[in-house]
Amino acid sequence: SESSERIDYKKEFFSNQLTADKNKILLLGSSHIGHLNMTHITNEIIEKKLDFIVYNLADNGDTPEIRHSDLEEIINLEPKLVFYGISYRDFNQLTKSEDPQTTNFDIKKSIEKSIPEELKSINPQLLTRKAIRTVLDDSKIIEKPTYEIKPPNTPFFALGELQTKIISENELKRQLLIVLPEPSKIQINLENENIKKFYNIIEKLHENKIKVVIFTTPIHEIYLNEISDAAINTFNDMKKEISEKNNIKIYDFEKRYSELEIWNNLDHIAYNKKSKIFTHEITEMILEEINP
């Protein structure tokens, strides 16, 4: 299956890197940090003759709960520094009705109804998926994403042509209809499993003498304005608590680029030469923390 292939892929990376003798720096987080230009970051480190190698371990849809299962392997790599990029959606409390498995839009249900009973016993899920894909492909509702852009030192993430596009303000407003999770529905509370796992990851890295720096990833103000005050307050409380308790520096990129035309969608900066300010400032952060 796709998920077990993914895990093998991870295993391969972790076992190969154990022998690398350079000082390692790891970037952790979701696709939000997958959009960084790793060629630029790597070149800057080489140019400054620093004895470090930076790996971007961005993983699509990453959450602290998912990342926690790699924790042992991350610690075994003995990185000198870990930069953890976080945003609201990483800590969203999924209610049962919002589970992506159950909300696979109504088109799925109507297609399922039209499949004859005798075919259903074969593999209903597969048939449904194929049928949906055919419907969407034929109607051109969804562009088929291809992922030929494979940035250096980014073993778990690839990008496609789609992620390089910068979209207009109007298009960004329309994006509110399709962005998931819906920012207005994001719920975060401190008893949340993802928050517990996040605290645990930070504490374990600290116990192993690994320096941790946290940064918030950029989101557009259209998205930010939809998030409830309660979710924003909890997110801020969590950052404050983790920063004070573990003496961790937090860099804030959340609102930094709202005015700029560099967005691929409401919560991703485009992977594009015109939007290198984000990568540039992340590189500055890394250099600052290497030589505090």
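Note: the structure precedes this text.
Residues numbered from 1 in each chain as written. Predicted model: local features only at pLDDT ≥ 70, side-chain atom pairs only at ≥ 80, totals over all residues. Heavy atoms only, no water.

Here we take up the overall build of the chain. For the chain, the helix and strand inventory stands at 13 helices and seven strands. For the chain, the proportion of its 292 residues judged to be buried stands at 44%. Of the roughly 16200 Å² of accessible surface on the chain, a fraction of 51% belongs to carbon and sulfur atoms. (Helix = DSSP H or I, 4+ residues; strand = E, 2+ residues; numbered from the N terminus. Buried < 20%, exposed > 50% of the residue type's maximum accessible area, 1.4 Å probe, protein only. Areas by Shrake-Rupley, 256 points an atom, 1.4 Å probe, with all protein chains shown as cover.)

Two descriptors summarise a pair of aromatic rings, namely the distance from one centre to the other and the angle between the planes of the rings. A complete count under the given rule lists eleven aromatic pairs for this structure. The interplanar angle of 65° and the centroid separation of 5.3 Å between the aromatic rings of Phe-13 and Phe-14 together place this pair among those described as edge-to-face. Owing to a relative accessible area of 3%, Phe-14 belongs among the buried residues under this scheme. Ring geometry for Phe-215 against Phe-253: centres 6.0 Å apart, planes inclined by 90°, an arrangement best described as edge-to-face. Placement of the pair is Phe-215 in strand β4 (residues 211–216) and Phe-253 in the loop between β5 (249–252) and β6 (263–265), with a sequence separation of 38 residues. As far as burial versus exposure is concerned, Phe-215 and Phe-253 are alike and both buried. A connected cluster of aromatic rings, assembled from ring pairs, spans Tyr-84, Tyr-88, Phe-91, Phe-198 and Phe-235. (Phe/Tyr/Trp six-rings, centres within 6.5 Å; stacked < 30°, edge-to-face > 60°.)

Pairing in this open sheet of five strands is parallel, and the strands run β2-β1-β3-β4-β5 from one edge to the other. The two strands at the open ends of the sheet, each matched to only one other strand, are β2 (52–56) and β5. For this sheet the average axis-to-axis angle between neighbouring strands, irrespective of direction, equals 20°. One ladder, built from five bridges, connects strand β1 (residues 23–28) with β2; its direction is parallel. From the neighbouring strand, Ile-25 faces β2, where its bridge partner is Val-54. Most of the contacts of helix α3 (residues 38–47) go to β2, to which it runs at about 170°, and overall it touches β1 and β2. (Pairing = 2+ DSSP bridges. Axes fitted to C-alpha atoms, helices over the stretch in contact; angles between N-to-C directions. Contact = heavy atoms within 4.5 Å.)

Further remarks concern the packing of helix α10 (residues 193–207) against helix α12 (residues 229–246). It is the contact of α10 with α12, at a shortest axis distance of 11 Å, that shows an interaxial angle of 20°. As far as their axial angle goes, α12 and α10 are roughly parallel. Here the hand of the crossing between α10 and α12 comes out right-handed. When α10 is examined against α12, the residues Ile-195, Phe-198, Tyr-199, Ile-202, Glu-203 and His-206 are found in contact with a partner set consisting of Met-238, Glu-241, Ile-242, Lys-245 and Asn-246. (Parallel < 35°, antiparallel > 145°, perpendicular 65-115°, else oblique. Left-handed = near helix turned anticlockwise from the far one by under 90°.)

Here we come to unusual backbone geometry. The step from Leu-180 to Pro-181 runs through a cis peptide bond, and the omega angle for that step is -10°. Structurally, Pro-181 can be placed in the loop between α9 (169–175) and α10. Residue Glu-78 is not a glycine yet carries a positive backbone phi of 50°. Of note in the backbone geometry, Asn-153 takes a positive phi value of approximately 55° without being a glycine. For Asn-153, the location among the structural elements is in the loop between α8 (124–139) and α9. Note on Asn-153: relative accessible area 23%, which makes it partly exposed.

Structurally, the position occupied by Ser-258 is in the loop between β5 and β6. Looking at Ser-258, its side chain comes within polar contact range of the main-chain nitrogen of Glu-221, at 2.7 Å. Contact partners of Ser-258, with chain neighbours within four places excluded, come to Ile-219, His-220, Glu-221 and Trp-263. (Polar contact = N/O pair within 3.5 Å; in protein donor to acceptor, adjacent residues only side chain to side chain.)

A few words on the packing of α3 against helix α13 (residues 276–290). The N-to-C vectors of α3 and α13 enclose an angle of 35°; their axes lie 10 Å apart at closest approach. Between α3 and α13 lies a crossing whose hand is right-handed. In this structure, α3 uses His-40, Ile-41, Glu-44 and Ile-45 to contact α13, whose residues at the interface are Thr-279, His-280, Ile-282, Thr-283, Ile-286, Leu-287 and Ile-290. Of the residues contributing to the contact of α3 with α13, the split by class is six nonpolar, four polar and one charged. (Nonpolar A, V, L, I, M, F, W, Y, C, P; charged D, E, K, R; others polar.)

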